[in-house]
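Listed below, chain by chain, are the residues.
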Amino acid sequence: MHKNFIRIIAGSVIGIAILTILLFLLRRTNLLITAYLWSVFAMIVFAISLGFWAKGVNIKYILNAAFPIMIKSYLAVTTAIAAIAVLLEICKITSMHCGWFSLIEFIVLAFFTWKILALDTGREVINNVEQNIKLQTVSWKIVAFELASVANRATINDKDTIRKVADAARFADPMEHPGVNNEVNSIKELVAKLNEAVNSGNSTEIPALCTNIELLIKERAAKLLILK
């Protein structure tokens, strides 16, 4: 079992035990029992939610830092409301009806549930954006990878020349745009020719091919600056 999950269970069990001891120590009234049940419920929600989050099962939030803070806030608000209501009754200042108390606790639960669902919606939006970015950059990353592969297979005399072009492709903006398709297609054709030249050991063509590829990479970069 995950160590964090064990810690969460242990902390929740201790919290419920403390609440149970207070239940037996204080004069039991309908409000006290209702407050106890809502507080135990909050503890259980806290344990289950943070347990799933800690293990990374079913609940995988991009906003990982916000989720546990939200759950802890719900637990804190729920127990605080219960404590205040019980103290007011013990001090004989006022006694809240169990129905009104439960309504307040339910509103708090609904509010935090809405906030957590909003986090989940944000996660989906972020995932969609990330997926779109990956799809828009994969084509150019393949070009950069092919150039690096050609450079690794080149002879010592040609390796530095090709590696310079490969680095230019690697550090270039990977985003794709229809406006630079001509440049990208031309680069791919030249990379294929460069690959053939390296495989055949035809070093005479390599400098010219590298120069043309580098020029096209610069033209692509200049167009992308205008098109974005």
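Before reading further, recall that the structure is shown in the block above.
The structure contained in this document is the topic of the report that follows. These numbers were taken from a predicted model, which means no experiment stands behind them.

Thoughts on a nonpolar patch on the surface
- Together, I14, I18, I21, L22, L25, L26, L87 and I90 make up a nonpolar patch on the protein surface, roughly 760 Å² of accessible area in all.
- Put simply, the parts of the chain that give the nonpolar patch at least two residues each are helix 1 (3-25) and helix 3 (66-90).
- Looking at the nonpolar patch element by element, the count peaks at 5 residues for helix 1.
- Within the secondary structure layout, I90 lies in helix 3.

Let's talk about the packing of aromatic side chains
- This structure, assessed with the given rule, holds 4 aromatic pairs.
- An angle of 80° between the planes, with centres 5.4 Å apart, marks the rings of F111 and F112 as edge-to-face.
- Judged by relative accessible area, F111 falls into the partly exposed class, the value being 41%.
- Since its relative accessible area comes to 9%, F112 is described here as buried.
- With a centroid separation of 6.3 Å and 35° between ring planes, the pair formed by F111 and W114 is classed as tilted. Of the two residues, F111 and W114 are both situated in helix 4 (residues 98-153); the distance of 3 residues between them amounts to about one turn of the helix.
- Ring pairing ties together the aromatic residues Y74, F111, F112 and W114, which thus form one cluster.
- The positively charged end of R220 is found above the aromatic ring belonging to W140, 3.8 Å away from the centroid.

Description of the layout of surface pockets
- Of the pockets and cavities examined, the largest pocket occupies roughly 230 Å³.
- The set of elements that each furnish at least two residues to the lining of the largest pocket consists of helix 1, helix 2 (30-55) and helix 3.
- Among the elements that line the lining of the largest pocket, the one with the most residues is helix 3, at 6 residues.

About the criteria used
Residues numbered from 1 in each chain as written. Predicted model: local features only at pLDDT ≥ 70, side-chain atom pairs only at ≥ 80, totals over all residues. Heavy atoms only, no water. Patch = residues over 30% accessible without salt bridge, like charges linked within 9 Å, V, L, I, M, F, W, Y side chains within 5 Å. Areas by Shrake-Rupley, 256 points an atom, 1.4 Å probe, with all protein chains shown as cover. Salt bridge = Lys/Arg side-chain N within 4 Å of Asp/Glu carboxyl O. Helix = DSSP H or I, 4+ residues; strand = E, 2+ residues; numbered from the N terminus. Phe/Tyr/Trp six-rings, centres within 6.5 Å; stacked < 30°, edge-to-face > 60°. Buried < 20%, exposed > 50% of the residue type's maximum accessible area, 1.4 Å probe, protein only. Lys NZ or Arg CZ within 6 Å of the ring centre and 35° of its normal. 1 Å grid on protein atoms, 1.4 Å probe; cavity = no way out; pocket = protein on both sides within 12 Å on 5 of 7 lines; lining within 4 Å. Points joined across faces, edges and corners; volume = space filled by probe spheres on them.

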